[in-house]
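A structural walkthrough
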Amino acid sequence: MTYFHMAPVLEQDIQKTLPHGLAHVVISRWQRTANPAKGLADLAAAVKADKEAARALAAVRNLHLPDGLDLSADNETIEARAQALAAKFEQKEMLGMSYQHMMDAADKEGIRSAEVFEQQLRKIAKAAESEDEELLAEGIAGIKGRLKEKKWWKRQLYKFLYRAFEAILRECGMVHRRAGLYISNEAFKRFEQRKLKARAFFEQAEAICEETGESFVLAELWEHSMANPAIRRMELMTRMRGFDEISRVHGHYGCMVTLTCPSRFHKKLSKNSADNPKFDGSTPRDGADYLQKVWTQIRANLGRAGIRIYGFRVAEPHHDATPHWHLLLFMEQTHKEAFRRVVAKYGCRADREELGLNYFETDKERTAEARRRQEAILRESGKKISRAQLKAAMKTEDEFWENYSFRFWQKSRASARVDFKDIDPAKGCAAAYLAKYVSKNIDGLTNSGESMGDDDEAEPGTSAAETAKRVGAWASQWGIRQFQQIGGVPVTLYRELRRVHVDAEDSLLYRAVHAADQGDWGKFVALLGGEDYAFVKRADLPLALYKEETDERNQYGEEKAAILRGVVELETGEYLISRDKEWVLKYGGSAAAWTRVNNCTKISEADFAAVSDTITYKIPSTPEEIEQTLAACEEIDDLPNWDILPDESWDFDLYGFEGEEQGKGRLKKAEQDKIIAAAREAADAARQKSMAIWKFKDYMRRLDGLRMVKPLTDDTPVIKQQRRQRYQPRPRVWTVDDILARGQELLAKIGEELEKLD
């Protein structure tokens, strides 16, 4: 039996280029690929193993890492680099660089600044629209403040390194159903370790209400919060069932839509897990951004066409970690065909040639192609064909989809990219269509606590209850939001009203409380939506969240968010307080929350210091803040001395948590460009003004240097003037009035000297 060994040159190259842990993984995989356990090893298997190893080397060499870092960087190296970057951007601010130039510099360090500073860019856009200089300064200060902070850079560098490391493992073929389903085994191990440490921390910390003496261990609160997968699953199913009831009452059309990324985003083929020849190196994060962009275009077009929708969206991975979306949407029956055309138009636009769709996106592109064909025909055959005749045989995108029939859509290649499935009430409720995807992405269980069955993306016989953990790790690793409500009433109102208990009243506020308390999402939406039902806009809702403003600011000078206290009825001003207790979070019996550990703790002081460095040092004062702290606590450092990479907690979203901000898209590219252009123009104007002042100062200095010490008509001998210093000391403060006064003074003296010469 032939046994292949890796070439020494290749092995040395791997050990020299790759981090120790990754080099070990790549070499071990080479041995398994070149020498399969079943069957005889042959030369083809060895060649395949060499190609995989070469791809790993190429992926690392093509990776753009921040200066001074590599994939094997330890905690000390990352801390030093974070300190250097913070000092670098502090110097840039001192030199007067604009926030946009600093964001561009951050992009070169591997930071996705448009994504990271989304909230600050929203503030800047709002300030530009309302001409609010204070809000503009706050948004800019938030960007610059983060870029000057060491801890912020440390989190961002770890995020960049972890995602880069996972992308390389995926490039090496270690993420698919036959290796690491959805996520590499190394990243999944890190995720599980972090959850175990978080659980140990929860059992040592407690929330105390000093007013009433109530106290709860955080582990108990976790069991009753939205962080508990079972509770999250049941609430999602309740809301989907409510939407289904509304659609049945009003006769709305229901549709299941599946949106998938083009072939170039997929690393592996679905059938046999073989390499996809069209793969271009895109990461799952790139795939998520593509789907978000497509959905933004779809929603904008639907809005212009007056097509209103409501429903839910679920994001889940293919076996090779490429994301795709399932959407359960409802709309009026008359909009069925128009809705399908809009979704298919934008969902199939990219790489449409692989779907067998031949059309041009714009008339300009069609005209250019007609001209090219006209010249080719004339050159090859000498025949003259009019351009209009050639254009008549071509279609633009709008012309192609205008009268498209979806009768045979399921049999077309385009259905692999965008798929439609009508909801048939005779076969069951609409929620049942999406229940499988919801369960698969949370815990893989049904409402009765049993497994929902096998996972279609995994190897046959693999339970969804087992793979659901890997789905959560995948969403956390790549920062992908799993669930999102589309349209309808904000879920935060529903959750707040479920916190209060009131006597029977006939007002809208109290009827909404009873609907929420009964878990009747359909009735709750109908009460608040009025005649528009689930199509209601947030600005038209009769109820709103009651919040208390605060004068406190965070470490970046930004105003802290208002404190949520309850719900208010806008028309009458009547309100209900759902949060009337102040809570303090304490650890291990220590009186000072989050600051020290007593001698009775079960976690070492070093481990707790690492934990406390990850968690925001704000004492939670409400159950909601404690609930948010529970989710934040799961972002804890890995156990030390891990084989592949040192770990540091960074902003994972472990559960794709939903809240008040759901449904809001990112700032549009055109709006970003507009803000950036305005800021750049203002910076250029300020720079020109500064240069003009500097030139005037220099002119006045030179003019002062030309002044004679004594007039030539004086009989006394002229004393040789001492050589002036090359660099004159600058005044402490130069103002326009000072400059003008100095100029007038010098002109007067020059006039006196000229009169003496005459």
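Okay, the sheet that holds strand 7 (residues 483-486) next. What the five strands build is an open sheet, ordered 6-3-5-4-7; its pairing is antiparallel. The sheet is open, and its two edges are formed by strand 6 (418-422) and strand 7, each paired on a single side. Put simply, the sheet's adjacent strands are angled 15° from each other on average, direction ignored. In this fold helix 18 (residues 430-440) packs onto strand 3 (253-260), strand 4 (310-317), strand 5 (323-331), strand 6 and strand 7, with an angle of close to 35° to the strand it touches most, strand 4.

Moving on to the pattern of salt bridges. Taken as a whole and assessed by the stated rule, the structure comprises 55 salt bridges. Between K88 and E109 there is a salt bridge whose closest N-O contact spans 3.2 Å. Remark: E109 occurs in the loop between helix 5 (99-108) and helix 6 (113-116) and K88 occurs in helix 4 (residues 75-94); sequence separation between them is 21 residues. Of the residues examined, E109 reaches a relative accessible area of 5% and is grouped as buried. Between E558 and R146 there is a salt bridge, with the nearest N and O atoms lying 3.1 Å from each other. Of the two residues, E558 sits in the loop between strand 8 (543-548) and strand 9 (563-569) while R146 sits in helix 8 (residues 133-147), which places them 412 residues apart along the sequence.

Before going further, it helps to examine the environment of R248. Summarising the element assignment, R248 is placed in helix 12 (residues 229-250). With a relative accessible area of 44%, R248 lands in the partly exposed category. Residue contacts for R248: discarding those within four places in its chain leaves P425, G428 and C429.

It is worth spelling out the packing of helix 12 against helix 18 at this point. Look at helix 12 against helix 18: their axes get within 9 Å of each other, and the N-to-C directions meet at 160°. Here helix 18 runs roughly antiparallel to helix 12, going by the angle between their axes. For the element pair helix 12 and helix 18, the recorded crossing hand is right-handed. Of the residues in helix 18, those touching helix 12 at R233, L236, M237, M240, R241 and D244 are A430, A431, L434, A435, V438 and S439. The residue makeup of the contact of helix 12 with helix 18, split by class, is eight nonpolar, one polar and three charged.

It is worth spelling out the side chain of T550 at this point. Among the secondary structure elements, T550 is positioned in the loop between strand 8 and strand 9. Only 3.2 Å separates the side chain of T550 from the backbone nitrogen of E552, close enough to count as a polar contact. Not counting chain neighbours up to four residues away, the residues in contact with T550 comprise E559, K560 and A561.

Moving on, we come to helix 4. Helical geometry: 3.6 residues make up each α-helical turn, so side chains three or four residues apart lie on a common side. The end-to-end C-alpha distance of helix 4, which contains 20 residues, comes to 29 Å, matching closely the 28 Å that a straight helix rising 1.5 Å per residue would cover. Elements in contact with the buried residues of helix 4: helix 5, helix 8 and helix 9 (150-171). In the stretch just after helix 4, G96 is the one whose phi turns positive, near 85°.

All told, the structure shown has 27 aromatic pairs when counted by the stated rule. By the ring-pair criterion, three or more aromatic residues cluster together here, those being F243, Y310, F312, F330, Y494, W521, F524 and F535. The ring of W521 has R239 sitting right over it, with the charged end atom 5.6 Å from the ring centre. Across the ring face of F188, the terminal group of R470 is positioned such that the distance to the ring centre comes to 4.7 Å.

Thresholds, definitions, all that
Residues numbered from 1 in each chain as written. Predicted model: local features only at pLDDT ≥ 70, side-chain atom pairs only at ≥ 80, totals over all residues. Heavy atoms only, no water. Pairing = 2+ DSSP bridges. Helix = DSSP H or I, 4+ residues; strand = E, 2+ residues; numbered from the N terminus. Axes fitted to C-alpha atoms, helices over the stretch in contact; angles between N-to-C directions. Contact = heavy atoms within 4.5 Å. Salt bridge = Lys/Arg side-chain N within 4 Å of Asp/Glu carboxyl O. Buried < 20%, exposed > 50% of the residue type's maximum accessible area, 1.4 Å probe, protein only. Parallel < 35°, antiparallel > 145°, perpendicular 65-115°, else oblique. Left-handed = near helix turned anticlockwise from the far one by under 90°. Nonpolar A, V, L, I, M, F, W, Y, C, P; charged D, E, K, R; others polar. Polar contact = N/O pair within 3.5 Å; in protein donor to acceptor, adjacent residues only side chain to side chain. Expected span 1.5 Å × (residues − 1). Phe/Tyr/Trp six-rings, centres within 6.5 Å; stacked < 30°, edge-to-face > 60°. Lys NZ or Arg CZ within 6 Å of the ring centre and 35° of its normal.

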